[in-house]
Each structure stands twice: as structure tokens, then as C-alpha cells.
Amino acid sequence: SRRSFERLYDLPERALPKVVIDMPVPDTADAHRELLRISARALGVGTAQCLRDYFRLSPADIVGRIDELVEEGELLPVKIEGWHRPGYVSKDARKPRKVEARALLAPFDPLVFERTRTEKLFDFHYRIEIYTPAEKRRYGYYVLPFLLNEAIVARVALRAARPKGVLRVLAPYADPGAPPETAETLMQELRTMQNWLGLEQIEITPAGDLGPTLGVVA
């Protein structure tokens with residue numbers, strides 16, 4: 001489990017079902033190939049760096065593994081527009097005609113955790129600023145990117161003031177090219193966050209270029 005930023009561990013035999021404990025242990029190469037297969041299914045498309053980083057494998061771990069998966073037909077080489085590195089997709093990948101999504105992304109969400117991938121795919125520069133001195137922060141202490149359909153269109157600094165039952169929206173910013181409905185859809189997602197946290201109200205600080213608009217649609 002997790003307690004704030006602290007991870008709590010237990011012995012495998014007390015945390016996993018016996019049927020899992022009794023399964024044969026794969027050799028290292030098979031394990032790395034399977035992790036890369038899972039990475040490809042989870043990411044949709046990615047370079048070797050993307051596939052490796054999903055499970056924090058080292059460069060040495062995947063030497064030859066991707067070529068083997070390509071030879072087996074498990075991974076298909078593709079070209080990603082704007083990238084100079086080869087890309088790969090799972091053989092089972094499907095290309096949807098349209099992506100409909102709306103979500104506030106945590107800084108550790110797989111969609112934004114590997115920052116180079118995020119910049120290349122979404123043209124979205126993102127850094128977590130909790131370790132940045134306050135006077136040097138651009139967007140805030142704990143900033144969540146906002147995904148709308150196929151693009152990351154905004155970012156917002158949030159703080160849950162639990163004793164007062166308030167979700168504080170400190171500094172919402174739209175990214176270049178954000179659609180006109182960004183403020184309205186972001187507000188809908190903020191209400192979802194408020195309800196999930198069990199807070200009574202939302203308090204919007206008129207900072208950031210979306211602040212005044214959010215105050216109106218609230």
C-alpha cells in the first residue's frame with residue numbers, strides 16, 4: 001500500500017495468492033520480453049526508450065529483446081511523425097477513429113511520467129515543481145496536467161484544504177491551441193475531483209489565464 005509518498009511492502013507469500021507464488025519463475029530474457037509486451041499494450045506507441053522506461057528497465061535489460069519481439073511479430077515497427085527514433089506498436093494495437101477522454105493527470109501518471117515522450121507526443125513541456133524554490137516556480141507547487149480528448153490542453157495547481165472542506169484551484173493555465181470549451185470541461189473535472197475527495201466546495205483563485213473564466217463557469 002502507500003501512505004502519502006511512503007510505500008509499504010510485505011513478504012510476497014503474505015501479499016500474493018498461493019497460485020501465483022507456486023507458478024514457475026520465468027528466466028530473465030522471457031521476463032523482460034513480457035514486460036516490453038505489456039509496455040507496448042499500455043502505451044499504444046513508443047520508442048525503445050518509452051517501452052523500457054515503463055517498467056524502469058535498464059538499457060542493458062532490453063539489449064536484443066525488442067528485435068526479438070519484432071522478429072516474432074509481437075511488435076510492429078512504425079514511424080512516429082516528428083521523431084527521429086524508430087517507434088513500435090503492439091501487434092494487437094487498434095487505432096481508434098476518435099479519442100474521447102477527460103482527466104486530470106497526476107505527475108506520476110504514465111502519460112506524463114516520461115517527460116521526453118510527453119513533449120514529443122503532445123508538445124507539452126511539464127515539470128513537477130514541488131522541489132523548485134517558490135520564487136522560481138512557473139505554475140505552482142503541485143500542478144496537474146489536464147487531458148481533453150487527444151491533447152493536453154491545460155494545467156492547474158490544486159490544494160485540498162480538508163479541514164475547511166475546500167478544493168482550492170490556485171493557478172489554472174491553458175496551453176497554446178486549447179479549444180474554447182477548455183474552461184467548461186476543466187470545471188467539470190474539478191467537480192469530479194471535489195466529489196472524489198469528499199469536499200464541500202471549490203474555491204477558485206483568479207490567477208493563471210484560465211482563472212477568471214473558471215470563476216464564471218463555476
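Residues numbered from 1 in each chain as written. Predicted model: local features only at pLDDT ≥ 70, side-chain atom pairs only at ≥ 80, totals over all residues. Heavy atoms only, no water.

A. Focus on the overall build of the chain. Looking only at helices and strands, the chain has nine helices and 10 strands in total. Structurally, the chain occupies a C-alpha span of about 55 × 45 × 35 Å along its principal axes. When each of the 218 residues of the chain is scored for burial, the buried share is 35%. Partitioning the contacts of the chain with sequence separation of at least 6, the portion at a separation of at least 24 is 55%. Carbon and sulfur atoms make up 53% of the accessible area of the chain, which amounts to about 14,000 Å² in all. Placing the 32 positive and 31 negative side-chain charges of the chain at their respective mean positions leaves the two points 4 Å apart. (Helix = DSSP H or I, 4+ residues; strand = E, 2+ residues; numbered from the N terminus. Buried < 20%, exposed > 50% of the residue type's maximum accessible area, 1.4 Å probe, protein only. Contact = heavy atoms within 4.5 Å. Areas by Shrake-Rupley, 256 points an atom, 1.4 Å probe, with all protein chains shown as cover. Lys, Arg positive; Asp, Glu negative; His and termini not counted. Charge placed at Lys NZ, Arg CZ, Asp CG, Glu CD.)

B. A look at the side chain of Thr185. You can see Thr185 is positioned in helix H8 (residues 182-197). When its relative accessible area of 13% is taken as the criterion, Thr185 is described as buried. Side-chain polar atoms of Thr185 contact the backbone oxygen of Thr182, separated by 3.1 Å. The residues touching Thr185, leaving out its near neighbours within four places in the chain, are Arg102, Phe146 and Leu148. (Polar contact = N/O pair within 3.5 Å; in protein donor to acceptor, adjacent residues only side chain to side chain.)

C. Quick look at the nonpolar core. Counting residues in hydrophobic clusters, the biggest one holds 20 residues, and the most contacted among them are Leu104, Leu158, Leu186, Leu190 and Leu214. Among the elements of the structure, strand E7 (143-148), strand E8 (151-161), strand E9 (166-174) and H8 are those that each provide at least two residues to this core. Looking at this core element by element, the count peaks at six residues for H8. If sequence neighbours within four positions are ignored, Leu186 has contacts with Leu104, Phe146, Val156, Pro172, Leu210 and Leu214. (Core = buried A, V, L, I, M, F, W, Y, C linked by side-chain atoms within 4.5 Å.)

D. Quick peek at the pattern of salt bridges. Inspection of every chain in the model, using the stated rule, returns 16 salt bridges. In this structure, the salt-bridge partner of Lys18 is Asp22, at a minimum N-O distance of 2.5 Å. Three or more residues are tied together by salt bridges with common partners; here these are Asp30, Arg33, Arg65 and Glu68. (Salt bridge = Lys/Arg side-chain N within 4 Å of Asp/Glu carboxyl O.)

E. Structural detail: the sheet that holds strand E3 (residues 46-47). Pairing is antiparallel across the open sheet formed by three strands, whose spatial order is E3-E5-E4. Whereas interior strands pair on both sides, the edge strands pair on one side only; in this sheet they are E3 and strand E4 (75-78). (Pairing = 2+ DSSP bridges.)

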